[in-house]
Amino acid sequence: STTAPFSVGFEALKVFYSQHGHLRVTKKESKRLAAFCWSVRFSRRNPAHGLIELTEEKIQQLTELGFDWGPPRDGDRSKFKASLEKQGAGKCKHEKAKRRNRNFSERIEELKAFYNKHGHLMPSKKDNKDLHVFCCRVRYARRAPGKAMLNLSTERINALDAIHFDWEQNSTSTAFSGRVAALKAYKEKHGHLNVKQAEDKSLADFCSNIILARRNIGKKGFMRMTEDRITSLDAIGFDWKLECSRGKAASRSFDERMEELEAYKEKHGHLNVRRSENKSLADFSANIRNARKNHGKKGFMKMTEDRIASLDAIGFDWKLECTQEKAAAK
């Protein structure tokens, strides 16, 4: 059976970590344990040919212990040993414990900084691999205090509770809760929930997605919007009538074009924009004429009554014939 060798190797890794403070085992330190580390790495990369049957549970146990799935890095190992020697590692257990406590406190500060930036406490590997592993380890330590290497005292649990640490594993639901928390933090800072792309593109996109999702509940390609999710957004005063960021971007673009047309008329005395003068503005003029002629049809710009009225107000000539009329509709 492959279960027994894994259990023995895993327990040996825990002992090694308690003695050395890391899991980068060399043959010089322990030939058998180094071979075990090589085997689990190989077995994960090549499950069909591996010597150890690595289940998801075993992989999670190793990850939460802080196992490095990459190949050994001699340079990193030598730097690690040198730093331990400088710090006087091994002189006394009291100093080691003091150092571990300091590191835990530093992690708490990192989590606070992460929350201030992202609005949640669920760092992914992409966000911050070390912090992600730390979160996995503390969750495992609380679930299995007798098995985990990390000593999670009541004081440490209270410290994590104080910053509203999420003890559940990362999931879609907790990620959504994190976004709601980010919106709540945004509202506390700005007094509203009309998030602009220039301020926070990711959060602005989230707002657009949930608005579209509620308008298209049950349809494929949209975020799943449950009653609980809607209620949680209602509770922070989310405005479902806000224009989606994509729509707002289009409106801004139209308004900017209007300003360009006004400036052109002020300079030239007419709105017969030639491509040789301003290709982009000439194409826009052609597009809005085509859009009005083909109102309601797919593939043409959306021409509302407000847009038509604003163009009429500056004397836009809808009947003007010019070569750019043939430009592709946007």
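I will try to describe carefully the structure that is included in this document. (Residues numbered from 1 in each chain as written. Predicted model: local features only at pLDDT ≥ 70, side-chain atom pairs only at ≥ 80, totals over all residues. Heavy atoms only, no water.)

### Considerations on the packing of aromatic side chains
Then comes step 1: Applying the stated criterion across every chain yields a total of seven aromatic pairs.
Then comes step 2: Taking 5.7 Å as the distance between ring centres and 65° as the angle between the ring planes, the aromatic pair formed by Phe 104 and Phe 134 counts as edge-to-face. Taken together, the residues Phe 104 in helix α5 (residues 93–118) and Phe 134 in helix α6 (residues 125–143) connect sequence positions 30 residues apart.
Then comes step 3: Overall, Phe 134 belongs to the buried group, its relative accessible area being 8%.
Then comes step 4: Measuring from ring centre to ring centre gives 5.0 Å for Phe 238 and Trp 240, while their planes differ by 75°; the resulting arrangement is edge-to-face.
Then comes step 5: Owing to a relative accessible area of 5%, Phe 238 belongs among the buried residues under this scheme.
Then comes step 6: On the accessibility criterion, Trp 240 (16% relative accessible area) is buried.
Then comes step 7: The ring of Phe 6 has Lys 58 sitting right over it, with the charged end atom 5.0 Å from the ring centre. (Phe/Tyr/Trp six-rings, centres within 6.5 Å; stacked < 30°, edge-to-face > 60°. Helix = DSSP H or I, 4+ residues; strand = E, 2+ residues; numbered from the N terminus. Buried < 20%, exposed > 50% of the residue type's maximum accessible area, 1.4 Å probe, protein only. Lys NZ or Arg CZ within 6 Å of the ring centre and 35° of its normal.)

### Let's talk about helix α10 (residues 227–235)
Then comes step 1: Among all positions of α10, only Arg 229, Ile 230 and Leu 233 are buried. For α10, the angular spread of buried residues about the axis comes to 100°, placing them on one side. Opposite the buried face of α10, by more than 90 degrees, sit the exposed residues Glu 227, Asp 228 and Ala 235. (Arc of directions from axis to C-beta.)

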